[in-house]
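Structural overview for review
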Amino acid sequence: MDNRPIGFFDSGLGGLTSVLELHEKLPHEKVIYFGDTARTPYGSKSPETIRQFASQIVDYLVSKNVKMIIIACNTVTAMALDYLRQCHPDVPIYGVIGPTVRKVSKDGCAKVGIIATKATISSGVYSKKLKAINPDIETYSLACPALVPLIEEGFTHTEIMEKTVAYYMDDFVRNNDFDNLILGCTHYPLISEHIHKLYPELRLYSSSAEVVNEMSDYLSENDMLAGANEYIDRYYASDLSDNFINMTELLFKDRDSKIKLVKFEG
Ligand code: DGL
């Protein structure tokens, strides 16, 4: 048994969707979450900048004695997973992309659409990893850079959000022949209702959920699951935006948690 918390982080509030999956699956597990709300979005920034931001956050989470770290961000996973693992070889670090690719491959999907940030799509990581497992798989990729800022600004349940999804995706869905869609950004499960309403024929895969499925197997196989304990979940952000506070309180209203501002030097 290991009652230490699990560290999660994202550029903002998107990674909360992964924490939500964790609480549903393993309710005893406690969480320290860091949302880099002061510097979001990451998806249009350079790989060097993303690595630098991510490594500050991981150092911080490691200093809090977490038992493992979930990079609840596709962009950071695409740009910095190997680097972060090299920096902290003693802490298990999970990214969201590998588990999603393995699930899609296991399900035998033949035609797969991928939507994500600019950085994730430009890296080509999803296509490369899917094709490494099944060279015949057909992939179709689309960057949707305006979605994360809109979600961070609280437009999740609005008509503007639905219109923006349609603006990006209508031609993409119409002109390509795929029936599965990877939500390759942890913010996107928050708008999956719009995606499902507009394109009900697509089967959606959430990177936020798949990483939790894999890491819970890891915890159980390594005897690292938490028992019932008193720890209170912590949600840290580099800027306490109203939307970060509201979303955290809304999603986790049934759990004991604290929200706090944490700023890095420099
Ligand atoms: N949730 C992050 C991801 O999964 C969003 C990155 C961003 O800030 O652009 O990629």
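Anyway, here's the lowdown on the structure attached to this text. (Residues numbered from 1 in each chain as written. Predicted model: local features only at pLDDT ≥ 70, side-chain atom pairs only at ≥ 80, totals over all residues. Heavy atoms only, no water.)

**A short note on the sheet that holds strand 4 (residues 93–95)**
An order of 4-3-1-2-9-10 is seen for the 6 strands of this open sheet, with the pairing classed as parallel. This sheet does not close on itself; its edge strands, each paired only once, are strand 4 and strand 10 (257–261). Taking the axes of each pair of neighbouring strands and ignoring which way they run, one obtains an average angle of 20 degrees across the sheet. Where strand 2 (residues 31–35) meets strand 9 (residues 233–237), 4 bridges bridge the pair, whose relative direction is parallel. Note on strand 9: the bridge partner recorded for Tyr-33 is Tyr-235. Of the strands in this sheet, strand 1 (6–10), strand 2 and strand 9 touch helix 1 (residues 16–25), which is tilted by about 165 degrees from strand 2. (Pairing = 2+ DSSP bridges. Helix = DSSP H or I, 4+ residues; strand = E, 2+ residues; numbered from the N terminus. Axes fitted to C-alpha atoms, helices over the stretch in contact; angles between N-to-C directions. Contact = heavy atoms within 4.5 Å.)

**Digging into the side chain of Thr-77**
Positionally, Thr-77 belongs in helix 3 (residues 74–87). A polar contact is formed between the side chain of Thr-77 and the backbone oxygen of Cys-73, at a distance of 2.6 Å. Separated by 3.4 Å, the side chain of Thr-77 and the backbone nitrogen of Val-96 make a polar contact. Each residue touching Thr-77, except ones within four places of it in the same chain, is listed here: Ile-71, Gly-95, Val-96 and Ile-97. (Polar contact = N/O pair within 3.5 Å; in protein donor to acceptor, adjacent residues only side chain to side chain.)

**Some thoughts on helix 4 (residues 97–106)**
Where helix 4 is concerned, the buried positions are Ile-97, Gly-98, Pro-99, Thr-100, Val-101 and Val-104. Looking at the residues trailing helix 4, positive phi occurs at Gly-108, about 70 degrees. (Buried < 20%, exposed > 50% of the residue type's maximum accessible area, 1.4 Å probe, protein only.)

**Quick look at the sheet that holds strand 6 (residues 138–143)**
Pairing between the strands of a sheet is mediated by backbone hydrogen bonds and can be parallel or antiparallel. Strand order in the open sheet made by the 4 strands is 6-5-7-8, with parallel pairing throughout. Each edge of the open sheet carries a strand with a single partner, namely strand 6 and strand 8 (203–206). Within the sheet, the average angular offset between the axes of one strand and its neighbour, ignoring direction, is 25 degrees. Strands in contact with helix 10 (residues 207–221) are strand 7 (180–183) and strand 8; relative to strand 8, the strand with the most contacts, it is inclined by about 55 degrees.

**Remarks on the layout of surface pockets**
Here the largest pocket is characterised by a volume of approximately 310 Å³. In terms of lining residues, the largest pocket is bounded by 20 residues, among which Thr-77, Leu-81, Asp-82, Gly-98 and Lys-129 are the most central. Of all the elements in the fold, those that place two or more residues in the lining of the largest pocket are helix 3, strand 4, helix 4 and helix 6 (125–133). Examining the composition of the lining of the largest pocket, we find that 8 residues originate from one element, helix 3, more than from any other. (1 Å grid on protein atoms, 1.4 Å probe; cavity = no way out; pocket = protein on both sides within 12 Å on 5 of 7 lines; lining within 4 Å. Points joined across faces, edges and corners; volume = space filled by probe spheres on them.)

**Looking at the site of the ligand**
Taken together, 14 residues lie around the ligand, and Ser-11, Tyr-42, Gly-43, Asn-74 and Thr-75 are the ones closest in. One nitrogen or oxygen atom from the main chain of Tyr-42 is found 2.7 Å from an oxygen atom belonging to the ligand. Here an oxygen atom of the ligand sits 2.6 Å away from a polar atom, N or O, in the side chain of Thr-75. Isolated, the ligand exposes 300 Å² of accessible area, and the fraction of that covered by the protein chains is 99%. A majority-of-atoms criterion places the ligand in the largest cavity. Looking at side-chain class alone, the shell around the ligand contains 5 nonpolar, 8 polar and 1 charged residues. (Near = heavy atom within 4 Å. Areas by Shrake-Rupley, 256 points an atom, 1.4 Å probe, with all protein chains shown as cover. Sits in = over half its atoms within 2 Å of the grid points. Nonpolar A, V, L, I, M, F, W, Y, C, P; charged D, E, K, R; others polar.)

**Brief notes about the pattern of salt bridges**
Tallied over the entire structure, the rule returns 11 salt bridges. Across the salt bridge formed by Lys-103 and Asp-107, the nearest N and O atoms sit 3.3 Å from each other. We classify Lys-103 as partly exposed; its relative accessible area is 27%. In this structure, Glu-159 engages Lys-163 in a salt bridge whose closest nitrogen and oxygen atoms are separated by 2.8 Å. Taken together, the positions of Glu-159 and Lys-163, both in helix 8 (residues 159–175) and 4 residues apart, correspond to about one turn of that helix. Lys-163 gets classed as exposed once you look at its relative accessible area, which sits at 54%. One salt-bridge network, in which partners are shared between bridges, spans Lys-103, Asp-107 and Arg-203. (Salt bridge = Lys/Arg side-chain N within 4 Å of Asp/Glu carboxyl O.)

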